[in-house]
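# An overview of the molecular structure
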Amino acid sequence: MPITLDEIVEETRGMPSETVAELVDRIMAARYGDIEPSVAAAWKSETDRRIAEIEAGTVKGVPLEESLARP
């Protein structure tokens, strides 16, 4: 009997965040193909820069609820 989506989700609850992120990446790659290395590198550079700005206190993050409430 195949595993259900609910069972898959429940199974991931006990996994570390990094493992779940890897699982999602693998599913997306299997479904849609790999991301071009140059695009992946550009996104990594951008996210690293933004995280550094938040950690340095030069910018302030916006709470998810506030961000979603914006038009």
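It should be noted that the structure appears before, not after, this text.
Owing to the predicted nature of the structure, the values given are computational and were not obtained by experimental measurement.

Quick notes on the rules
Residues numbered from 1 in each chain as written. Predicted model: local features only at pLDDT ≥ 70, side-chain atom pairs only at ≥ 80, totals over all residues. Heavy atoms only, no water. Helix = DSSP H or I, 4+ residues; strand = E, 2+ residues; numbered from the N terminus. Salt bridge = Lys/Arg side-chain N within 4 Å of Asp/Glu carboxyl O. Buried < 20%, exposed > 50% of the residue type's maximum accessible area, 1.4 Å probe, protein only. Expected span 1.5 Å × (residues − 1).

## Observations concerning the environment of Ser67
As for its placement among the helices and strands, Ser67 is situated in helix H4 (residues 64-69). Between the C-alpha atoms of Ser67 and Asp25, which are 42 residues apart in sequence, the distance is 25 Å.

## Let's talk about the pattern of salt bridges
Across all of its chains, the model carries seven salt bridges by this definition. Of the charged contacts, one joins Arg26 and Glu22 as a salt bridge, the two residues approaching to 2.9 Å between their closest N and O atoms. With Arg26 and Glu22 both in helix H2 (residues 17-32), this residue pair falls four residues apart, about one helical turn. According to the relative accessible area criterion, Arg26 is exposed, its value standing at 56%. Between Glu46 and Arg50 there is a salt bridge, with its nearest N and O atoms 2.7 Å apart. On the criterion of helical spacing, the pair formed by Glu46 and Arg50 is a turn pair, its members being four residues apart in helix H3 (residues 37-56). Judged by relative accessible area, Glu46 falls into the partly exposed class, the value being 23%. With relative accessibility at 47%, the residue Arg50 sits in the partly exposed group.

## Comments concerning H3
A rise of 1.5 Å per residue sets the reference length of H3, with its 20 residues, at 28 Å; its end C-alpha atoms lie 28 Å apart and thus fit the reference within 8%. A positive phi of about 80° marks Gly57, the residue just after H3.

## Here's the deal with the environment of Ile35
Among the structural elements, Ile35 can be located in the loop between H2 and H3. The exposure class assigned to Ile35 is exposed, which follows from its relative accessible area of 60%. For the pair Ile35 and Asp25, spaced ten residues apart in the sequence, the C-alpha separation amounts to 9.7 Å.

Fair warning: the whole summary comes from geometry, so function is off the table for now.
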